[in-house]
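Close look at the chain arrangement
Single-letter residue listing:
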Amino acid sequence: MNPIAVIGTGQTKHSKARLDVSQPELIREAASAALQDADIGPDDIDAVVISNMEMFEGRAFPELWAGEGAYAFGKPCVKVATGGTSGTSACIAGFHQAASGEFDTVLVVGFEKHSEGHTQTGMALVDPFWDRAVASGALGNFALSISQYMAERGVTEEHAAQVAVKARRNAANNPNAHLQMPDLTVDDVLASRMLAEPLHLLDMCPQSDGAAAIVVASEETARRRGSQAAWVRAATTRHDQPYLGDLDRRLVTMRALRDAAQAAYTRAGITDPLREFDIAEIYEPASYAELAWYEALGFCKEGEAGRLITEGVTAMDGELPVNPSGGVLSTNPVGASGVIRVAEASAQLLGRAGAHQVAGAATALATGYGVYAWSDVIVMRTEKP
Amino acid sequence: MILEGSIRLPFSYAAGVVGSRFLVALRDEQVILGGRCSDCGTVSCPARSMCPECGTHVDDLVEVGPGGTVEAWTEMPGKPAFGLIRLDGADTALIHHLLSGEGKWQPNTRVTARFAPERVGDINDIEGFEEERGAS
Ligand SMILES: [Zn+2]
């Protein structure tokens, strides 16, 4: 793969309902912010990748009508949809386009406007034969694996609540975040409504309206910008089986994320992720997910995730700040959520993360999580390959 | 301006060669079928045409259950609990309702299938799983 870098990022204000704008207008907000951040114009874009889960807002073919918001007229434009990983997969598709040498500069835009559709319907339409026995949607499907994970790895409801608190407090320093709760406590999380045993309302990500974009550039274009580039050093994807019952103890093994991370770390020369990464933006749809991901991503040994959160190792002032932006737990426009992870990791390396900047961040991790276990892992550095 | 609307989505999906045999066995015989992989030996349930472990085409169907153990569970307020149930003779888990039992389900609780009196060839021809009689 030819060296490539992210040279600009843009996000909308994310919220429960962006009734002030149409879907293309929402996309345009993020796309134009990314072009401005990269200091380029629409004519400098050679190809466009769009990320969206079209069944979630009741409009088909976003690659048709969303393109206008993303400056796609007269350019190659494709849609990438892989569940929750859509955004990271779209970024990886954009990386591949720029790395191929065929396109110099690629715009990747992810968006979701949950307030305009019915996400649960989109989820229920996945499998007509086996999953509709319980038709539990994303929430129930995720909750289903937690009891097993807690029993095997000694994770408690309090550990999970600490993750939820960290996310919403971090989000208070991110003006784009949907849920900003600077005063949230563990007791508040544990007292919030039970959604699906053992997931409380505040253990779960929200549904958000929002969009995010990145500008990916070839080595030559990125090099001209000096330090204003976040170099992509590895990007890997692993998919898994489509029926949850086929996955061996999903959250305990997380084989897809474990495999993707191992491949990415090998490619990028990462041997001690907790020490070598300066910041991580990981796709955690629920508080418990972040704990399971700590283990699968090699931040700690199996069974030590609870200790990591309790000791503040992943807090803003800890050894490895995880999700300074507030993460998916604070902002979740699904098609955009993976792009947000990459945009946030890039902004940290570019030194443009504002109030949630981790000083001197030079090595960053971004991940995507979709469906039952699909995983994307992206390693970025300020240092050019 | 906000435009209000709703869309009706009728469907008719083919269950396929192996899926159809699974559903017909449920409906006509109250038997749960697993698919045994001729290559790696994995028995998956519900039976489907492709082995989830190695991808090999599956056409050897074997009876599994109706008893099994609960591997994991959850419950949403106002709805029956549901879980991952590993049926006796199967190597993978089935997602279905847990009908009896109050409160938290312990890992490895023994359960058995309860079939619907009226069956139509659907995964819900199994109403769900209840604790095995005589199990503690
Ligand atoms: Zn096999």
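Keep in mind that this is a model prediction, so the values were computed, not measured.

The interface of chain A with chain B comprises 29 residues on the first partner and 36 residues on the second. Buried surface at the junction of chain A and chain B, both sides included, amounts to about 2,800 Å², of which 64% is carbon and sulfur. By the criterion of area lost to chain B, the three top residues of chain A are Phe-129, Trp-130 and Leu-144 of chain A, representing 25% of everything that side buries. Across the chain A-chain B interface, the total number found is 1 salt bridge. Linking chain A to chain B there are 7 residue pairs in polar contact (both at pLDDT 80 or more). Within the residue set of the side of chain A that touches chain B, elements represented by two or more residues are helix H5 (137-144), helix H6 (146-153) and strand S5 (194-196) of chain A.

Together, Met-55 of chain A together with Ile-7 and Leu-9 of chain B make up a nonpolar patch on the protein surface, roughly 310 Å² of accessible area in all. Examined against the element boundaries, Leu-9 of chain B turns out to sit in the segment before helix H1 (16-29).

In this section: the domain arrangement of chain A. Residue and element names in this part refer to chain A. Domain parsing of chain A yields domain 1 (4-120 + 208-223) and domain 2 (136-205 + 233-381). Relative to domain 2, the C-alpha centre of domain 1 lies at a distance of 22 Å. Residue-level contacts link 38 residues of domain 1 with 39 residues of domain 2. The largest share of the area that domain 1 buries against domain 2 comes from Gln-11, Gly-84 and Thr-88, three residues that together contribute 20% of it. Inspection of the domain 1/domain 2 interface yields 1 salt bridge.

On a regular strand, each side chain points to the face opposite its neighbour's, so the side chains alternate between the two faces of the sheet. Residue and element names in this part refer to chain B. Most of strand S6 (residues 93-98) sits out of view: 6 of its 6 residues are buried. The sheet contact formed by strand S5 (residues 81-87) and S6 spans 6 bridges and is antiparallel. Looking at S6, one finds that Ile-85 is bridged to Leu-94. The turn linking S5 back onto S6 is made up of 5 residues, and Gly-89 within it adopts a positive phi angle of 95°.

Residue and element names in this part refer to chain B. What the 3 strands build is an open sheet, ordered S2-S1-S3; its pairing is antiparallel. If you trace the sheet from one side to the other, it starts and ends with strand S2 (43-44) and strand S3 (60-64), each paired once. Taken together, the 5 bridges between strand S1 (residues 32-36) and S3 define a ladder with antiparallel strand orientation. Paired with Arg-36 across the two strands is Asp-60, which belongs to S3. Where H1 meets the sheet, its contacts fall on S1 and S3, and the angle it forms with S1 comes to roughly 155°.

Cut-offs and rules
- Residues numbered from 1 in each chain as written.
- Chains lettered and ligands numbered in written order.
- Predicted model: local features only at pLDDT ≥ 70, side-chain atom pairs only at ≥ 80, totals over all residues.
- Heavy atoms only, no water.
- Contact = heavy atoms within 4.5 Å.
- Buried area = accessible area lost by both parts, 1.4 Å probe.
- Salt bridge = Lys/Arg side-chain N within 4 Å of Asp/Glu carboxyl O.
- Polar contact = N/O pair within 3.5 Å; in protein donor to acceptor, adjacent residues only side chain to side chain.
- Helix = DSSP H or I, 4+ residues; strand = E, 2+ residues; numbered from the N terminus.
- Patch = residues over 30% accessible without salt bridge, like charges linked within 9 Å, V, L, I, M, F, W, Y side chains within 5 Å.
- Areas by Shrake-Rupley, 256 points an atom, 1.4 Å probe, with all protein chains shown as cover.
- Domains from an automatic or database assignment.
- Buried < 20%, exposed > 50% of the residue type's maximum accessible area, 1.4 Å probe, protein only.
- Pairing = 2+ DSSP bridges.
- Axes fitted to C-alpha atoms, helices over the stretch in contact; angles between N-to-C directions.

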